[in-house]
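If you want the building blocks of each chain, they are given just below.
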Amino acid sequence: MAGGISIHAVDVASGRPAQGLRVEIWRIDPDSARIADGRLGANGALDHPVAQGAGVTAGEYEVLFHLGEFFGERDGFLTVTPFRFRIKNVDEHFHLPLKFTRWGYSLFRGA
């Protein structure tokens, strides 16, 4: 897949995809604009046109993972987990996996 930003998240403590986790994708430089806002599906992926490149231009981005909402009051520790990165070549695809528990997380650029 060329171009776009895809998101995939797994709650590693439960071993399940993060169905229902709210994710926002913001372009923050050179201008500020939210380009995606949605909830992850049953497979833990964000089904949004941004995954095919809609609205993606060169610049700096921030993805916000709303983990506090996901865990709710009963297990909340983390609130909103940000991930900032830069896109220089809009023809490259940026796959951003999130592995998390209620206490911590790992973010990286995947293949």
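Heads up: the structure comes first, above all this text.
Criteria and thresholds
- Residues numbered from 1 in each chain as written.
- Predicted model: local features only at pLDDT ≥ 70, side-chain atom pairs only at ≥ 80, totals over all residues.
- Heavy atoms only, no water.
- Salt bridge = Lys/Arg side-chain N within 4 Å of Asp/Glu carboxyl O.
- Helix = DSSP H or I, 4+ residues; strand = E, 2+ residues; numbered from the N terminus.
- Core = buried A, V, L, I, M, F, W, Y, C linked by side-chain atoms within 4.5 Å.
- Buried < 20%, exposed > 50% of the residue type's maximum accessible area, 1.4 Å probe, protein only.
- Contact = heavy atoms within 4.5 Å.
- Phe/Tyr/Trp six-rings, centres within 6.5 Å; stacked < 30°, edge-to-face > 60°.
- Polar contact = N/O pair within 3.5 Å; in protein donor to acceptor, adjacent residues only side chain to side chain.

### Regarding the pattern of salt bridges
Thought 1: Applying the stated criterion to the full structure yields 10 salt bridges.
Thought 2: With a shortest N-O distance of 3.5 Å, glutamate 69 and arginine 22 are connected by a salt bridge. Of this pair, glutamate 69 sits in helix α1 (residues 67-75) while arginine 22 sits in strand β3 (residues 22-29); the two residues are 47 residues apart in sequence, bridging distant segments of the chain.

### Let's talk about the nonpolar core
Thought 1: Ranked by internal contacts, the top residues of the largest apolar core, which has 27 residues, are Ile5, Ile7, Leu21, Ile25, Val63 and Phe65.
Thought 2: Listed by contribution, the elements that provide at least two residues to this core are β1 (5-11), β3, β4 (33-39), β5 (59-65), α1, β6 (81-87) and β7 (94-100).
Thought 3: No other element matches the four residues that β7 contributes to this core.
Thought 4: When neighbours within four sequence positions are excluded, valine 63 is seen to be in contact with Ile7, Val23, Glu24, Ile25, Thr81, Pro82, Phe83, Phe85 and Leu96.

### Examining the packing of aromatic side chains
For any two aromatic rings, the description comes down to two numbers: the centre-to-centre distance and the angle of the planes.
Thought 1: Evaluated as defined, the whole model comprises seven aromatic pairs.
Thought 2: Judged by centre distance (5.2 Å) and plane angle (80°), the rings of phenylalanine 70 and phenylalanine 71 are edge-to-face.
Thought 3: With 5.8 Å between their ring centres and 35° between their planes, phenylalanine 83 and phenylalanine 85 make a pair best called tilted.
Thought 4: Residue phenylalanine 85 is classed as buried on the basis of its relative accessible area, which comes to 11%.

### Brief notes about the side chain of glutamate 24
Thought 1: As for its placement among the helices and strands, glutamate 24 is situated in strand β3.
Thought 2: Accessibility expressed as a relative area gives 6% for glutamate 24, which makes it buried.
Thought 3: Within polar-contact distance, the side chain of glutamate 24 engages the side chain of arginine 34 at 3.2 Å.
Thought 4: At 2.7 Å, the side chain of glutamate 24 forms a polar contact with the side chain of histidine 66.
Thought 5: Those residues in contact with glutamate 24 that sit more than four places away from it in its chain are Arg34, Ala36, Asp37, Glu62, Val63, Leu64 and His66.

### Topic: the environment of leucine 46
Thought 1: Summarising the element assignment, leucine 46 is placed in the loop between β4 and β5.
Thought 2: Considering only alpha carbons, one finds leucine 46 and valine 23, 23 residues apart in sequence, at a separation of 7.9 Å.
Thought 3: Residue contacts for leucine 46: discarding those within four places in its chain leaves Ile7, Ile25, Gly38, Arg39 and Leu40.

### Overview of unusual backbone geometry
Thought 1: Here the residue pair aspartate 29 and proline 30 is connected by a cis peptide bond, since its omega of 20° sits within 30 degrees of zero.
Thought 2: Counting through the fold element by element, proline 30 comes out in the loop between β3 and β4.

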